[in-house]
Amino acid sequence: MLWLSPAAAVEQTLPGATVESVVAIAKRLNPTVAAASLDFDAAVHKIGTAGVLADPTLILEAWDVNRLGVGQRRIGLEQEIKLWGKYGLERNVAQAEADAAKFQGRATVIDLIAQVVAAHGEYNAAYEATGISVEIKRRYDEILGLLRSRYGTTSVDQQDVIKAEIEAATAEGDVIRRQGEQKAAAARLNALIGRPSLAPLAAPTGFRAVKAISLAQVQVLARSANPMLALAGAQSNSAAQTKSLTDLNYYPDVTLGAKYVQRPGTEDTGEFMLGVKLPLHYEVKDAEQRAAGARLGAAQARNEALRLRIDGQIADAWFGVDALRKVVQIYTTRQLPPSRSSVDNARNGFQAGTSDLSSVFESERRLRSVQLDLLKLKVDLQTKYAEMERLAGGSL
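Since this is a predicted model, take the numbers as computed values, not measurements. (Residues numbered from 1 in each chain as written. Predicted model: local features only at pLDDT ≥ 70, side-chain atom pairs only at ≥ 80, totals over all residues. Heavy atoms only, no water.)

A. Structural detail: a nonpolar patch on the surface. Nonpolar side chains collect at one region of the surface, where Leu58, Leu60, Ile75, Leu77 and Tyr260 lie side by side and expose about 530 Å² of accessible area between them. Looking at the nonpolar patch, the elements that each hand over two or more residues are β1 (57-66) and β2 (69-81). By the element assignment, Leu77 lies in strand β2. (Patch = residues over 30% accessible without salt bridge, like charges linked within 9 Å, V, L, I, M, F, W, Y side chains within 5 Å. Areas by Shrake-Rupley, 256 points an atom, 1.4 Å probe, with all protein chains shown as cover. Salt bridge = Lys/Arg side-chain N within 4 Å of Asp/Glu carboxyl O. Helix = DSSP H or I, 4+ residues; strand = E, 2+ residues; numbered from the N terminus.)

Written out as structure tokens, the structure is:
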């Protein structure tokens, strides 16, 4: 289409029509995502501070000081140096912590996406429920108009008119309630994606398609893509590197020094120094090693426990999705068409005078119940599917 009206153009630029449109906004505007990104930046910058030489010590000394002055002046530097690969292990620990921050950020984003998908499903359901209520109100108003034209105000069948007026008023109240629920759902969705609660949203175009995938495929995908598993792996790696660094506590560090010595009346000289830190407190180092080993074992155990828990959660979500998909299919093919036919038959019978008003309202209520139950099932399906995607580590 080469030309769009201003209203249609605005509608196209607003988020909300599809899940993808609100997910893209959430990734860009949600402050939780920004905080996770800054945490990762902080961890990355911390790598630059690990595994480097400590600042040297400047030494200024005055020797043989008496009433005649200073006998010697000494200016020098001392530098502590760690050997045995300790600097590399310190960098490895910092890198593992940066990896953990990265995977924590990914987990934050994926959790947010799951919440946004569920919230968009609720927004879509509220929008469709409002449409159902508006359509019911329109049909009830038609029935009320038909009764008034058929019986007038003096008929003995005025009771049918009163009954229709009550049902029409109830339908109008339901429209107002559904419109309020739609606004509330839109406010919740806006809050999740980082927009003001009253910011306008486009009308949703329908529920997102749910893809068919086997349980084994989801579990395999989760083992390679779930950010919480990757986070646990990074934490285990950090604990392993820390354990290796602690094992080197028995190996001494050294201190190198050099001094320039000035003696009045004699030639200036220099001094050089080598200091070795003696690891004499073995009980302390043994305790540090045992603590580091325990932390490593705990991290590995948590990693395995998390893997088993995620496998179970995926199975729970997968069976829930499978059951909900089948129930939605039953409602769509076996309950919704007969309910609509029942409404049409009751209305046609009432207009022809072969059925009473109560059967019309009863069929309308039955159709509305099926339609609203179907919307709830679709929301549950979207929520469960989003949970399965979150556990799998991304879109399926």
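Moving on, there is more to tell.
B. Expanded view of the environment of Glu389. Locating Glu389 in the fold gives a position in helix α9 (residues 357-392). Between the C-alpha atom of Glu389 and that of Glu283, which follows or precedes it by 106 residues, the distance is 49 Å. Those residues in contact with Glu389 that sit more than four places away from it in its chain are Arg208, Gly394, Ser395 and Leu396. (Contact = heavy atoms within 4.5 Å.)

C. Region of the structure containing the packing of aromatic side chains. Per the stated rule, a full pass over the model turns up 3 aromatic pairs. On the numbers, 5.0 Å between centres and 75 degrees between planes, the contact of Tyr140 with Phe361 is edge-to-face. Remark: Phe361 occurs in helix α9 and Tyr140 occurs in helix α4 (residues 86-151); sequence separation between them is 221 residues. Centre to centre, the rings of Trp318 and Phe319 are 5.1 Å apart; their planes meet at 85 degrees, and the pair counts as edge-to-face. According to the relative accessible area criterion, Trp318 is buried, its value standing at 19%. A cation sits over an aromatic face here: Arg74 above Trp63, 3.5 Å from the ring centre. (Phe/Tyr/Trp six-rings, centres within 6.5 Å; stacked < 30°, edge-to-face > 60°. Buried < 20%, exposed > 50% of the residue type's maximum accessible area, 1.4 Å probe, protein only. Lys NZ or Arg CZ within 6 Å of the ring centre and 35° of its normal.)

D. Local environment of the pattern of salt bridges. Within this structure, the stated rule accounts for 31 salt bridges. Taking the shortest distance from any N to any O, the salt bridge between Glu61 and Lys259 comes out at 3.1 Å. Taken together, the residues span a long stretch of sequence, with Glu61 in strand β1 and Lys259 in strand β3 (residues 254-262) at a distance of 198 residues. Among the salt bridges present, the one from Asp322 reaches Arg325, with a minimum N-O distance of 3.9 Å. Remark: Arg325 and Asp322 occur in helix α8 (residues 282-352); sequence separation between them is 3 residues, near one turn of the helix.

E. Just α9, in detail. Over its 36 residues, α9 extends 53 Å from the first C-alpha to the last, a length consistent with the 52 Å expected when each residue adds 1.5 Å. Of the residues trailing α9, Gly393 is marked for its positive phi of about 95 degrees. (Expected span 1.5 Å × (residues − 1).)

F. A look at the sheet that holds β3. Taking strand neighbours across the sheet as the criterion, the 4 strands line up as β1-β2-β3-β4 in an open arrangement whose pairing is antiparallel. Both edges of this open sheet fall to β1 and β4 (269-276), since each of them pairs with a single strand only. With direction set aside, neighbouring strand axes in the sheet form an average angle of 20 degrees. As defined by bridge partners, β3 adjoins β4 across 8 bridges and the pair is classed as antiparallel. Residue pairing across strands places Leu256 opposite Leu274, the latter belonging to β4. (Pairing = 2+ DSSP bridges. Axes fitted to C-alpha atoms, helices over the stretch in contact; angles between N-to-C directions.)

G. Expanded view of the nonpolar core. Ranked by internal contacts, the top residues of the largest apolar core, which has 27 residues, are Val218, Ile310, Ile314 and Met388. Per-element accounting of this core gives the leading share, 12 residues, to α8. Those residues in contact with Val218 that sit more than four places away from it in its chain are Ile213, Ile314, Trp318, Met388 and Ala392. (Core = buried A, V, L, I, M, F, W, Y, C linked by side-chain atoms within 4.5 Å.)

H. Inspection of the environment of Met228 at higher detail. With respect to the helices, strands and loops of the structure, Met228 is situated in helix α7 (residues 227-247). Given the relative accessible area of 30%, Met228 is considered partly exposed. Separated by 193 residues in the primary sequence, Met228 and Ala35 have C-alpha atoms spaced 18 Å apart. When near neighbours in sequence (up to four residues on either side) are disregarded, Met228 contacts Ala107 and Leu306.

I. Examining the packing of α7 against α8 more closely. Two elements in contact, α7 and α8, have axes whose closest approach is 9 Å; the angle formed by their N-to-C orientations is 165 degrees. By the criterion of interaxial angle, the relationship of α7 to α8 is roughly antiparallel. Considering the relative orientation of α7 and α8, their crossing is left-handed. From α7, Met228, Leu229, Ala232, Gly233, Gln235, Ser236, Ala239, Ala240, Lys243, Thr246 and Asp247 reach across to α8, where they touch Glu288, Gln289, Ala292, Gly293, Arg295, Leu296, Ala299, Gln300, Asn303, Leu306, Arg307 and Ile310. (Parallel < 35°, antiparallel > 145°, perpendicular 65-115°, else oblique. Left-handed = near helix turned anticlockwise from the far one by under 90°.)

J. Representation of unusual backbone geometry in the model. Despite not being glycine, Trp84 shows a phi value in the positive range, around 70 degrees. If you trace the backbone, Trp84 turns up in the loop between β2 and α4.

K. Examining helix α6 (residues 215-225) more closely. Considered for burial, the residues of α6 that qualify are Leu215, Val218, Gln219, Ala222 and Ala225. For α6, the arc enclosing every buried residue in end-on projection is 150 degrees, short of the 170-degree limit, so these residues lie on one face. Seen from the open side of α6, the exposed residues pointing more than 90 degrees away from its buried face are Val220 and Ser224. (Arc of directions from axis to C-beta.)

L. Region of interest: the pairing of β2. Two elements, β1 and β2, share 9 bridges in a ladder whose sense is antiparallel. Within β2, the residue paired with Glu61 across the bridge is Arg74. What sits between β1 and β2 in their antiparallel hairpin is a turn of 2 residues. Bridge count for β2 against β3 is 9 bridges, and the pairing is antiparallel. Across the sheet, the residue bridging to Ile75 is Tyr260, located in β3.

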